[in-house]
Amino acid sequence: MTARGVPEECRGGDPASHGPSTGGPAGMHPRAHEAIEHIVQAVRAGDDARIRTLLATLAAAADTAVLHLRERLYAPD
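Cut-offs used in this document
Residues numbered from 1 in each chain as written. Predicted model: local features only at pLDDT ≥ 70, side-chain atom pairs only at ≥ 80, totals over all residues. Heavy atoms only, no water. Helix = DSSP H or I, 4+ residues; strand = E, 2+ residues; numbered from the N terminus. Expected span 1.5 Å × (residues − 1). Contact = heavy atoms within 4.5 Å. Patch = residues over 30% accessible without salt bridge, like charges linked within 9 Å, V, L, I, M, F, W, Y side chains within 5 Å. Areas by Shrake-Rupley, 256 points an atom, 1.4 Å probe, with all protein chains shown as cover. Salt bridge = Lys/Arg side-chain N within 4 Å of Asp/Glu carboxyl O. Buried < 20%, exposed > 50% of the residue type's maximum accessible area, 1.4 Å probe, protein only.

Notes on helix α1 (residues 30–45)
Line of reasoning, step 1. Look at α1: 23 Å from first C-alpha to last across 16 residues, which is about the 22 Å you get at 1.5 Å a residue.
Line of reasoning, step 2. Where α1 is buried, its residues contact α2 (48–61) and α3 (65–74).
Line of reasoning, step 3. Just past α1, the residue Gly46 takes up positive phi, approximately 75°.

Spelled out as structure tokens, the structure:
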């Protein structure tokens with residue numbers, strides 16, 4: 001378990017790597033990747049209105065992107 005209570009394997013970490021990647025899954029739509037990075041920033045800034053707008057953008061391009069969003073949100077700052 002990590003300090004945040006989320007097992008490392010759920011955070012996308014790998015004992016052989018230096019933590020989760022910000023690159024995302026292979027083949028992920030660039031728009032989804034960009035939305036995820038902006039959502040992570042908005043969550044860390046506590047900007048609820050921007051989060052809602054960005055989630056709508058992500059929903060339009062989401063597939064494996066949702067899993068990458070979860071990984072990024074649990075990644076250390």
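Some remarks on a nonpolar patch on the surface
Line of reasoning, step 1. A surface patch of nonpolar side chains, about 210 Å² in accessible area, is lined by Val43, Leu73 and Tyr74.
Line of reasoning, step 2. Looking at the secondary structure, you find Leu73 in helix α3.
Line of reasoning, step 3. Classification of Leu73 as partly exposed rests on a relative accessible area of 30%.

A word on the pattern of salt bridges
Line of reasoning, step 1. For the structure on display, the rule yields one salt bridge.
Line of reasoning, step 2. Ionic pairing is found between Arg72 and Glu37, a salt bridge with its closest N-O pair at 2.9 Å. Of this pair, Arg72 sits in helix α3 while Glu37 is found in helix α1, placing the two residues 35 residues apart along the sequence.
Line of reasoning, step 3. With relative accessibility at 17%, the residue Glu37 sits in the buried group.

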